[in-house]
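So you can see what is in the structure, the chains are spelled out below.
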Amino acid sequence: MMILKALFKQFFGAKYERVGKSLAACLILFLAVRAAEIRVEIAPFILFLTATAVSTGVMWQTLHDAGNAERMTGLFMLPFQDGEMTVSLVLAFTCYTLVTKTFLVLSLFFALQEWNTLQIATALLCACGGCVAAALCYMVTKEAAHPEKGKRMADAYVFYRPISVKQLIRHGGGSGSVFLYLMRYLMTNRSYLWNTVGLCAVAGILPMLLGQFAGVYVMPLGFAILCLNTPLCILLSVDPDLEQAVRTLPGQAARFCSRYTLFLFVVNLAVNSVYLISWQMQHGGVGGREILTAVLITVQSAILSVLLEWVYPIRNWKVENDLWHHPRKYLVPLMMLLIAGVIAMWPASIWGLLCFVIVEVLSLLFITRKIH
């Protein structure tokens, strides 16, 4: 109980205030959907699958949180029994996943349709099972990746092995290339890399969905949607030590932000390239104007993402997963959707692109002024 109490305070606040906020948000969502009288027929299998998938994904992200090492340093300095520590850690991570993320999704499902007691209990059981399955997979992969003379390591210590930015700087970060450091950071953090791979998969499917709007030029909207690469847009918020170093060292602000912008541009352009190739294969018609639009939207989203990180970094978060689901993640894609809509209004001329170029120049001037 002492271990659980310590972990709960770190996840939910000193007075567990986050539990009340999360449950209040679930209740408000449930009552709002009920009051709007929105009803959707949902198969029980979809409810159970969603509860399992959401819990498994969020639990997996939380277990890979780079702050776990610092969060649990004090716990592992005290004497403990391995089994008790393992159960306490899994239970604490599971409670965080269910209370802050899964219950919100389930409240929406429960509001959209009437469910009996057995179905509700099964959904909750599936959610718990997804968390436990993610924890077991995490423990197996970590034990396999860090063998100690052919013996299995103590189970509790597998939760104490995230790769932090400090480790990356010590092991190969001394080349002086911020861009290479960021690329190494992407390749080392598998959750960030898989998120980018997932966006590439979405880019391959998106032309099939958007291509159904016959007679409407919706291609630029795909570029805006694919800007939603949240993990790569929070590199300063996720590591306060890195942010402090960049802000305090002379001449590092402009240097880091320019390389950071280039890094986001390269990654997002790779995703948009998959979108262009997929569109050409399915519908054709990709020309110079579409390529220029992709480049401009990619540059604009990179600039605005870095500007948000520099001027308005996210504070007071408990787990890295909170950053992934922060409402700020939608600001840049929303702005890109508006700009893409302006471009789509003039498909036969260059006025939309001209307006976009003007916005691009103004953004560059603004971010340069903010950084300096």
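Residues numbered from 1 in each chain as written. Predicted model: local features only at pLDDT ≥ 70, side-chain atom pairs only at ≥ 80, totals over all residues. Heavy atoms only, no water.

Caption draft 1: Just empty space enclosed by the protein, in detail. Within the structure shown, the criterion is met by 2 cavities of 30 Å³ or more. Size it by volume and the largest cavity reaches roughly 140 Å³. Together, 14 residues line the largest cavity, and T230, C233, S305, R328 and K329 are the ones closest to its centre. Going through the elements one at a time, α14 (288-311) and α16 (331-344) are the ones with two or more residues in the lining of the largest cavity. Among the residues forming the lining of the largest cavity, the class breakdown is 9 nonpolar, 3 polar and 2 charged. Every residue lining the second largest cavity is listed: Q61, H64, S191, E320, N321 and W324. With 3 residues, the single largest contributor to the lining of the second largest cavity is helix α15 (residues 320-324). (1 Å grid on protein atoms, 1.4 Å probe; cavity = no way out; pocket = protein on both sides within 12 Å on 5 of 7 lines; lining within 4 Å. Points joined across faces, edges and corners; volume = space filled by probe spheres on them. Helix = DSSP H or I, 4+ residues; strand = E, 2+ residues; numbered from the N terminus. Nonpolar A, V, L, I, M, F, W, Y, C, P; charged D, E, K, R; others polar.)

Caption draft 2: Representation of the layout of surface pockets within the structure. Its volume calculated, the largest pocket comes out at about 1000 Å³. Along its surface, the largest pocket is lined by 37 residues, and R18, K101, D322, H325 and H326 are the ones closest to its centre. Where the lining of the largest pocket is concerned, the elements lending two or more residues are α2 (17-35), α3 (44-63), α6 (82-112), α10 (190-210) and α15. It is α2 that contributes the most residues to the lining of the largest pocket, 6 residues altogether. In terms of residue class, the lining of the largest pocket is built from 18 nonpolar, 11 polar and 8 charged.

Caption draft 3: Focus on the pattern of salt bridges. Tallied over the entire structure, the rule returns 1 salt bridge. Two residues, R34 and E114, come together in a salt bridge whose shortest N-O distance is 2.9 Å. One end of the pair, R34, is in helix α2; the other, E114, is in the loop between α6 and α7 (117-145), with 80 residues separating them in the sequence. By relative accessible area, E114 is classed as exposed at 58%. (Salt bridge = Lys/Arg side-chain N within 4 Å of Asp/Glu carboxyl O. Buried < 20%, exposed > 50% of the residue type's maximum accessible area, 1.4 Å probe, protein only.)

Caption draft 4: Main features of the side chain of N272. For N272, the location among the structural elements is in helix α13 (residues 252-282). Excluding its chain neighbours within four sequence positions, the residues that come into contact with N272 are F223, L226, A294 and T298. (Contact = heavy atoms within 4.5 Å.)

Caption draft 5: Geometry of the packing of α14 against α16. As a packed pair, α14 and α16 sit with axes 10 Å apart at the nearest point and diverge in direction by 150°. As judged from the angle between their axes, α14 and α16 are roughly antiparallel. Considering how the two elements wind past one another, α14 and α16 form a crossing that is right-handed. Along the contact surface, α14 presents T293, I297, Q300, S301, L304, S305 and L308, while α16 presents L331, V332, M335, M336, I339, A340 and I343. Counted by class, the contact of α14 with α16 contains 10 nonpolar, 4 polar and no charged residues. (Axes fitted to C-alpha atoms, helices over the stretch in contact; angles between N-to-C directions. Parallel < 35°, antiparallel > 145°, perpendicular 65-115°, else oblique. Left-handed = near helix turned anticlockwise from the far one by under 90°.)

Caption draft 6: Focus on a nonpolar patch on the surface. A contiguous nonpolar surface patch, about 350 Å² in accessible area, is contributed by I225, L334, L337 and L338. The leading source of residues in the nonpolar patch is α16, at 3 residues. One can find L338 in helix α16. For L338, a relative accessible area of 57% gives the class exposed. (Patch = residues over 30% accessible without salt bridge, like charges linked within 9 Å, V, L, I, M, F, W, Y side chains within 5 Å. Areas by Shrake-Rupley, 256 points an atom, 1.4 Å probe, with all protein chains shown as cover.)

Caption draft 7: Structural view of unusual backbone geometry. Unlike most non-glycine residues, Y16 shows phi in positive territory, near 55°. Its location among the elements puts Y16 in the loop between α1 (2-12) and α2. A residue is classified by how much of its surface remains accessible, and Y16, at 33% relative accessible area, is partly exposed. The backbone phi angle of E37 is positive, close to 55°, even though this residue is not glycine.

Caption draft 8: Molecular detail of the nonpolar core. Core analysis: the largest hydrophobic core is formed by 33 residues, its most contacted members being F11, F12, L47, M59, L63, A92 and F93. A total of 13 residues in this core trace back to one element, the largest contributor, which is α6. Residues Y185, F256, A302 and W310 belong to the second largest nonpolar core, which totals 28 residues. (Core = buried A, V, L, I, M, F, W, Y, C linked by side-chain atoms within 4.5 Å.)

Caption draft 9: Region of interest: α14. Taking 1.5 Å per residue as the helical rise, α14 with its 24 residues ought to reach 34 Å, and the 34 Å between its terminal C-alpha atoms agrees with that figure. Counting buried positions along α14 yields 17 of 24 residues, so the element is predominantly enclosed. (Expected span 1.5 Å × (residues − 1).)

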